[in-house]
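This is what each chain is made of:
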Amino acid sequence: MIRALPLAILAVSGIPAATAVAQTDTAPDNVAVGYEEDGRYYTEDGVPTYNIAEDGTVDWLTYSGFRRYHSECHVCHGPEGEGGSYAPALKGPAVTMDYYDFVDVVTNGRERVSASQQSVMPAFGTNPNVMCYLDDIYTYLKARGTGALPRGRPPKKEDKSDAIREAENACLGT
Ligand code: HEC
């Protein structure tokens, strides 16, 4: 939010985008875009990440993740990754947690049971509506976690690339 506002003003005032500080320039290592491949963005280490242009256009996965998160995770983890009464916030962990740990928890679940409380994260490993969109959900939460993406449905998005469409169809078996 803090960074998005001045960029929007720059865009309106007609200053070329190149002079504006891209969100990636100040982002932590596990967030900054290293390269793009067929509409997907990765850090230098090959971990999925989001990309938000100066005009607020989000990459397809981040947009898709907004929708998938709210259909599959929001019931426990609260709206916009903010946390719910039953499960912790995810927007912070998406930035601080190792990507592969994140994938592992969602795939295999996690349980913490004590005398005073029972905390169960279900395993989603056999649920295609989650597994085929895991990177989408992860990048969306990461964008929420750094504050790059404000609350609400992202107003502008990149087109869905052919490669993303093909991978989705293959994953869903359609
Ligand atoms: C039925 C409720 C429920 C649903 C639905 C759910 N979770 Fe969870 N999740 C939990 C609980 C409870 C925990 C805390 C588990 C613990 O205490 O170890 C958790 C923990 C996690 C963690 C670990 C966070 C950390 O800080 O270590 C991740 C990552 C996670 N969930 C991702 C997801 C994603 C992504 C979805 C949607 C695909 C999802 N969860 C859907 C209940 C849920």
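Everything here concerns the structure above.
The structure presented is a predicted model; accordingly, all values stated were derived computationally and were not measured.

Asks: Explain unusual backbone geometry to me, please; I cannot follow it from the model alone.
Replies: What is expected of a backbone is that most residues other than glycine have negative phi and most peptide bonds are trans. We note that Asp 38 has phi near 50°; this positive angle belongs to a residue other than glycine. Residue class for Asp 38 comes out exposed when judged on the 10 C-beta atoms lying within 10 Å of it. Located in the positive-phi region is Glu 80, a residue other than glycine, with phi close to 60°. Structurally, Glu 80 can be placed in the loop between helix 3 (74–77) and helix 4 (91–96). Of the residues examined, Glu 80 has 20 C-beta atoms within 10 Å and is grouped as buried.

Asks: Help me understand the sheet that holds strand 1 (residues 35–37) in this model?
Replies: One key point about sheets: their strands pair by backbone hydrogen bonds, in either a parallel or an antiparallel sense. In spatial order, the strands read 1-2-3; together these three strands make up an open sheet with antiparallel pairing. The outermost strands of the open sheet, each flanked by one partner alone, are strand 1 and strand 3 (48–49). Both strand 1 and strand 2 (residues 40–42) contribute to a ladder of three bridges, which runs antiparallel. In the strand pairing of strand 2, Glu 36 is matched with Tyr 41.

Asks: Looking at this model, I keep getting lost on the site of the ligand. Mind explaining?
Replies: For the ligand, the set of nearby residues contains 22 residues, the closest of which are Cys 73, Cys 76, Ala 87, Ser 119 and Met 121. Listing elements by their share of the shell around the ligand, those giving two or more residues are helix 3, helix 5 (99–108), strand 4 (110–113) and strand 5 (118–121). Residue composition of the shell around the ligand, grouped by class: 17 nonpolar, two polar and three charged.

Conventions and cut-offs
- Residues numbered from 1 in each chain as written.
- Predicted model: local features only at pLDDT ≥ 70, side-chain atom pairs only at ≥ 80, totals over all residues.
- Buried ≥ 20, exposed ≤ 12 C-beta atoms within 10 Å, placed from the backbone.
- Helix = DSSP H or I, 4+ residues; strand = E, 2+ residues; numbered from the N terminus.
- Pairing = 2+ DSSP bridges.
- Near = placed C-beta within 6 Å.
- Nonpolar A, V, L, I, M, F, W, Y, C, P; charged D, E, K, R; others polar.

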